[in-house]
Each structure stands twice: as C-alpha cells, then as structure tokens.
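# Fold and contact review
Here's the letter readout for the chains.
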Amino acid sequence: MSLARNLLLRASRSPFLARQLRERRFFQRAVRRFMPGETLDAALDATATFAKFGIGSVLTELGEQVTSRAEAEAVREHYAGVLERIRKRELPAHVSVKLTHLGLEADRAACLRDVLKLAERAAAARSFLWIDMEESRYVDATLDVYRRAKAEWRNVGVCLQAYLRRTAADLDSLFPLAPAIRLVKGAYNEPASLAFPRKRDVDEHYFNLAVRLLTEAARQRAKPVFGTHDLTLIQTIRGAAAAQRLDAAAYEFHLLYGIRAEEQRRLVAEGATVRVLISYGSAWFAWYMRRLAERPANVWFVLRNLV
Ligand SMILES: Cc1cc2nc3c(=O)[nH]c(=O)nc-3n(C[C@H](O)[C@H](O)[C@H](O)COP(=O)(O)OP(=O)(O)OC[C@H]3O[C@@H](n4cnc5c(N)ncnc54)[C@H](O)[C@@H]3O)c2cc1C
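As the structure is a prediction and not an experimental result, all values here were calculated from the model.

### Things to note about the packing of aromatic side chains
Tallying each qualifying case throughout the model produces 10 aromatic pairs. Here Phe26 and Phe27 contribute two aromatic rings whose centre-to-centre distance is 6.0 Å and whose plane-to-plane angle is 80°, an arrangement assigned as edge-to-face. Through pairs of rings, three or more aromatic residues link up here, namely Phe26, Phe27, Phe34, Trp284, Phe285 and Tyr288. Between the NZ or CZ atom of Arg265 and the centre of the ring of Phe53, over which it lies, the distance is 3.9 Å.

### Let's talk about the sheet that holds strand β1 (residues 56-61)
Read once around its circumference, the closed barrel built from 8 strands follows the order β1-β2-β3-β4-β5-β6-β7-β8, with strand pairing classed as parallel. Neighbouring strand axes in the sheet, compared pairwise and without regard to direction, differ in orientation by 30° on average. Bridge count for strand β2 (residues 93-97) against strand β3 (residues 129-131) is 3 bridges, and the pairing is parallel. Counterpart to Val97 in the pairing with β3 is Ile131. Helix-sheet contacts for helix α7 (residues 139-152) involve β3, β4 (156-161) and β5 (180-184), and the interaxial angle to β4 is about 155°.

### Some remarks on the environment of Val75
Here Val75 shows up in helix α5 (residues 69-89). For Val75, a relative accessible area of 8% corresponds to the buried category. C-alpha of Val75 to C-alpha of Gly63: the two residues are 12 residues apart in sequence and 9.0 Å apart in space.

### Structural notes on helix α4 (residues 40-52)
Helix length check: α4, at 13 residues, gives a terminal C-alpha distance of 19 Å against a target of 18 Å (1.5 Å per residue), a fit within 8%. Among the residues making up α4, those that are buried are Leu40, Ala42, Ala43, Leu44, Ala46, Thr47 and Phe50. Where α4 is buried, its residues touch β1, α5, β2, α11 (261-269) and β8 (274-280). A positive backbone phi angle near 75° is found at Gly54, which sits one or two residues after α4.

### What to know about the site of the ligand
Around the ligand, the structure places 27 residues, and the nearest of them are Lys185, Gly186, Lys199, Thr228 and Glu294. Taking Ala187, its main chain carries an N or O atom lying 3.0 Å from an oxygen atom of the ligand. One nitrogen or oxygen atom from the side chain of Glu294 is found 2.6 Å from an oxygen atom belonging to the ligand. Protein contact buries 88% of the 930 Å² of open area that the ligand shows by itself. When residues of the shell around the ligand are traced back to their parent elements, those giving at least two are β4, β5, β7 (252-256) and α12 (285-294). Here the shell around the ligand takes 3 residues from β7, the largest share from any one element.

What counts as what
Residues numbered from 1 in each chain as written. Predicted model: local features only at pLDDT ≥ 70, side-chain atom pairs only at ≥ 80, totals over all residues. Heavy atoms only, no water. Phe/Tyr/Trp six-rings, centres within 6.5 Å; stacked < 30°, edge-to-face > 60°. Lys NZ or Arg CZ within 6 Å of the ring centre and 35° of its normal. Pairing = 2+ DSSP bridges. Helix = DSSP H or I, 4+ residues; strand = E, 2+ residues; numbered from the N terminus. Axes fitted to C-alpha atoms, helices over the stretch in contact; angles between N-to-C directions. Contact = heavy atoms within 4.5 Å. Buried < 20%, exposed > 50% of the residue type's maximum accessible area, 1.4 Å probe, protein only. Expected span 1.5 Å × (residues − 1). Near = heavy atom within 4 Å. Polar contact = N/O pair within 3.5 Å; in protein donor to acceptor, adjacent residues only side chain to side chain. Areas by Shrake-Rupley, 256 points an atom, 1.4 Å probe, with all protein chains shown as cover.

Geometry only, nothing functional implied.
Given below as structure tokens:
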C-alpha cells in the first residue's frame, strides 16, 4: 500500500483532524466535488437530474460507528423517511446503509430488526436496500445480518470487497441465497494477512470474482453490481457479460457522484445500466479522507481550494 494512502486512511480515523478540518472553508469547498450538498433535498434533486439522463441513484447518509441505540434509531427513521420521499417522488433511487451507522456495535439484534424494517419500506417504495461493507472486523456480522435479511426480503443486497482474501469463499457461501452483490475493491486500511497489499492482485481478484458473479447471473442465481471507476475493468466485465449472452439489465455499474461523470453517461448511451452513489450529510470527514486515499492526487484538488 502506498505511503500516501496509508497516511490518509490513518487520518480518516482521527477525531482531532476531523474537528480541525471540517470547519475549514477550503476543505468544505473541496468536498463539494464528491457530494451535491449536505442535505437530503440536495441528494434527491441530484437524483431527479440523473434520472433525466437514464442514470439511477443510490442514496446514503454519511455516518458510521454509532454506539448509542437512540442514535441508531434516529438513523433508521431517517432512512425510512428517505424511502418515503423516494416513493412519493417516484424516483429511481436505492438506499445504502452502513451497519455501524445503524448501531451494529451497540446491539446486533436491534440492528437486524432495523434492517428488516428498512427492507420492508424499500419494497413498499419499489426501491432496494444495499448494505455497505466496512472494516474487516465487521464482515462476519455484516454477512450474518445480510443472510437473515435476504431470507425474508428479495430487495436487499450487500457489498463485498475484492481486496479481502476471504471474499471468494464468502461469495460461494452466499450463492445459494441468489444474492445481490455490489463488488468493490475495498476502501479501508487492512493488514496484508487479510487483504492483498498489491493493487495488481486486487484487480485480478476483482475480475475473477466478477466472472463468477456473471456466471451465476446467467443462471439467475445472482444480481451483480460492479462498484468501480476502473474503466479497463468495466470494459473487460462488459466483454465477459456479452460472452455469457447476459442482458444489460442483468447487471449494473455503480459509480460515486463526481467521479467519471462523462463515462457514466457514455456507458448509459452504450446500453449499460448505471447508478450513481450520492452521499449527503454533515459527517463527511472519514468518508472524504477515504476518497482522497483512493487517489492521493486528489489532495492537490484540496490544496487548490486554499487559494
Ligand atoms: C458505488 C460504490 C460503492 C462503494 N461501496 C463501498 C463499500 O461499501 N465498502 C468499501 O470498502 N468500499 C466501497 N467503495 C469504494 C471502493 O472500495 C474503492 O475504494 C473505490 O471505488 C476506488 O476503487 P476503483 O474500483 O474505482 O478502482 P481504482 O483502481 O482505485 O481506480 C480506478 C480509477 O478510477 C479513478 N478513481 C478512483 N477513485 C477515485 C477518487 N476517489 N477520486 C477520483 N478518481 C478516482 C482514478 O482515475 C483511478 O485511476 C464503493 C465504491 C463505489 C463506486
């Protein structure tokens, strides 16, 4: 892992830096590149704009590591409200939640109940509930919640990270559920014993997992979503899907708001199914530092906002 990436990921966990930088105007200006605004209204309006271009959305309120049950319940109610707004405005939007934002660490059983409630609300809104994947210490708990939720609701998906050595085995164990999987490379700081340290190995693992997902999709045993901005990978995946004679609706590409905007539209024009993940809320520090770590050159963008 590069030194810059390592430092940025460490910084993402610093409450001191979060306090220092969140109030700085130049930092707030720089973060705007990755989110349409802090409010839900800004995210919903961006969703409506993307819809005009045939691009769906996935909405997520920034926040993680909630340890009080009351706070977790407020997060659940917030997302229930989001799904209600999606239903009323008939927007082509999914939602994506972090289980530690829904209090996974405070009370796992309550967190599962919240996920089940949100899956029910998502079904009523003709939407879909995605579960993010966080640090490796949460993978078992996250997959456990996912398995239970998927047993009751069809419209639930989970994220898997290609950088983790365990992911191929996790994917195999999920196939009997006909899972919806958002495959990403992985955004956290993990030891080499758990995650491939070399980018080349992560990319290769990603492609192998993608092919397995497409093969299962061809048998209607999986709904794959590829969460990546890696254009080479996207083209290779499209080629592999065409070789399987998969319909473009059988799999999707999800990209983050503000990254590769032109390619998002080009992919749609070429017949691919594309969604943009739109983050909003005020708790953006840790999340933004992870975006910088993915491409340390983005730090220059922050510095440019200083002048
Ligand atoms: C929809 C979606 C959901 C995600 N959910 C999760 C999750 O639940 N858990 C998790 O661990 N990770 C998640 N991630 C993040 C993911 O793990 C990667 O860290 C991130 O997507 C960067 O990897 P990449 O696949 O784009 O490939 P890379 O090889 O890192 O990047 C490919 C190219 O994309 C461009 N690019 C990538 N990142 C950026 C950036 N931040 N700014 C500007 N350009 C960039 C660069 O030009 C780069 O050369 C998600 C990503 C997406 C798109």
